[in-house]
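Chain by chain, the residues:
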Amino acid sequence: MKKSYAVITGASSGIGEEFARQLAEEGHSLILIARRKERLEKLKSELEKNGTESIVMITDLSKPEECNRLIEELEPYRISIFINNAGFGECGSFLETEEKKELDMIDVNIKAMHLLFKRILKHMEKQKYGYILNVASSAGLLPAGPYMAAYYATKSYVASLTRAVARELKERGSHVYAGALCPGPVDTEFNQTAHVSFALPGITPEYCVKYAIRQMKKRKVVIIPTALLKIAAIGGRFIPQKLLIAITGRQQKKKFKR
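Residues numbered from 1 in each chain as written. Predicted model: local features only at pLDDT ≥ 70, side-chain atom pairs only at ≥ 80, totals over all residues. Heavy atoms only, no water.

### Description of the overall build of the protein chain
Right, on to step 1. Within the protein chain, the regular secondary structure consists of nine helices and seven strands.
Right, on to step 2. In the protein chain, buried positions account for 51% of the 258 residues.
Right, on to step 3. Of all intrachain contacts in the protein chain linking residues separated by at least 6 positions in sequence, the fraction that spans at least 24 positions is 69%. (Helix = DSSP H or I, 4+ residues; strand = E, 2+ residues; numbered from the N terminus. Buried < 20%, exposed > 50% of the residue type's maximum accessible area, 1.4 Å probe, protein only. Contact = heavy atoms within 4.5 Å.)

The following block contains the structure:
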């Protein structure tokens, strides 16, 4: 039988790197994808010392031509798990945030995520098997996020798209799983990239990923790793949206680095 692989985008740091380690511990062969070659090679070396086959594919997912090239490179492989994790954020007033960075964010968080999700889903449907986990955010479950406006909007897209596709798969009796991981703050490099300090305590990448894998195997569509955010997500349904957006904006202001 053809060997299968777990594929992880954004594997060079944070949640993606931790998915690589934990899936390796479960015995999966890996395909590691990111744009930072040195970091990926270091991770590959670490994993292979422990007996895990790892293939590195250097890709800048902000560039459509590289996304298409990546999909072509993945075509020959049997993919059992696809962690659609690559993404980043930015914090600040919409009037002041950098336009190019926001457009790059849309390219990675939405366009690349969408394209990879669609193509890998078709790939898995032919296999009649597989798990796809799109990494969204608890931000994607809220109506809007002042002072992280573009980031919240991108993650809303991820969460909405995933839930809709999951329903379609259920109705067609597909054996392919699609879910969205929606964590709150996780102690990774995200805050440096987004120029923020978390206003709430972050969870560890180890806990986030362990919980996500467990829930993914249970075929949970929306995965929220902490009880506090589960309560917030449920409670938000009963709060007027105007008030909820104002509360969210006040929370984001606490993140600004001075």
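Once the structure has been displayed, the description carries forward.
### What about the packing of aromatic side chains?
Right, on to step 1. Counted by the stated rule, this structure contains five aromatic pairs.
Right, on to step 2. On the numbers, 6.0 Å between centres and 85° between planes, the contact of Y129 with Y131 is edge-to-face.
Right, on to step 3. Of the aromatic side chains, those joined through ring pairs into one cluster are Y129, Y131 and Y177. (Phe/Tyr/Trp six-rings, centres within 6.5 Å; stacked < 30°, edge-to-face > 60°.)

### Let's talk about the pattern of salt bridges
Right, on to step 1. With the rule as written, the count across this model stands at twelve salt bridges.
Right, on to step 2. Where R21 meets E46, a salt bridge forms, and the shortest distance between an N and an O atom there is 2.7 Å. In this pair, R21 is assigned in helix α1 (residues 14-25) and E46 in helix α2 (residues 37-49), connecting sequence segments 25 residues apart.
Right, on to step 3. Accessibility expressed as a relative area gives 25% for R21, which makes it partly exposed.
Right, on to step 4. Here E66 makes a salt bridge to R69, at a shortest N to O gap of 3.3 Å. Here E66 pairs with R69, and both are found in helix α3 (residues 64-74), just three residues apart, close to one helical turn.
Right, on to step 5. Given the relative accessible area of 29%, R69 is considered partly exposed.
Right, on to step 6. Among the ionic contacts, a cluster of salt bridges with common partners joins E17, R21 and E46. (Salt bridge = Lys/Arg side-chain N within 4 Å of Asp/Glu carboxyl O.)

### A few points about the pairing of strand β2 (residues 29-34)
Right, on to step 1. Burial runs high along β2: six of the six residues are buried.
Right, on to step 2. The alternating pattern of β2 places S29, I31 and I33 and L30, L32 and A34 on opposite faces, both of which are buried.
Right, on to step 3. Assessed by its sense of winding, the connection that carries the chain from strand β1 (residues 4-9) through α1 to β2 is right-handed.
Right, on to step 4. Both β2 and strand β3 (residues 54-58) contribute to a ladder of five bridges, which runs parallel. When the bridges of β3 are listed, A34 appears paired with I58.
Right, on to step 5. Remark: the β2/α2/β3 crossover connection has right-handed handedness. (Right-handed = clockwise from strand over helix to strand, strands pointing away. Pairing = 2+ DSSP bridges.)

### Observations regarding the sheet that holds β2
Right, on to step 1. The strand order across the open sheet formed by seven strands is β3-β2-β1-β4-β5-β6-β7, and the pairing between neighbours is parallel. Of all strands in the sheet, those with a lone pairing partner are β3 and β7 (222-223), marking the two edges.
Right, on to step 2. Here β1 runs beside β2; their pairing, made up of five bridges, is parallel. Counterpart to T9 in the pairing with β2 is I33.
Right, on to step 3. Strands β1, β2, β3 and β4 (78-84) of the sheet are contacted by α3, whose axis makes an angle of about 155° with β3. (Axes fitted to C-alpha atoms, helices over the stretch in contact; angles between N-to-C directions.)

### With respect to a nonpolar patch on the surface
Right, on to step 1. On the surface, I239, L243 and I247 cluster together to form a nonpolar patch covering roughly 220 Å² of accessible area.
Right, on to step 2. Relative to the elements of secondary structure, I239 occurs in the loop between α8 (227-235) and α9 (241-253).
Right, on to step 3. By relative accessible area, I239 is classed as partly exposed at 31%. (Patch = residues over 30% accessible without salt bridge, like charges linked within 9 Å, V, L, I, M, F, W, Y side chains within 5 Å. Areas by Shrake-Rupley, 256 points an atom, 1.4 Å probe, with all protein chains shown as cover.)

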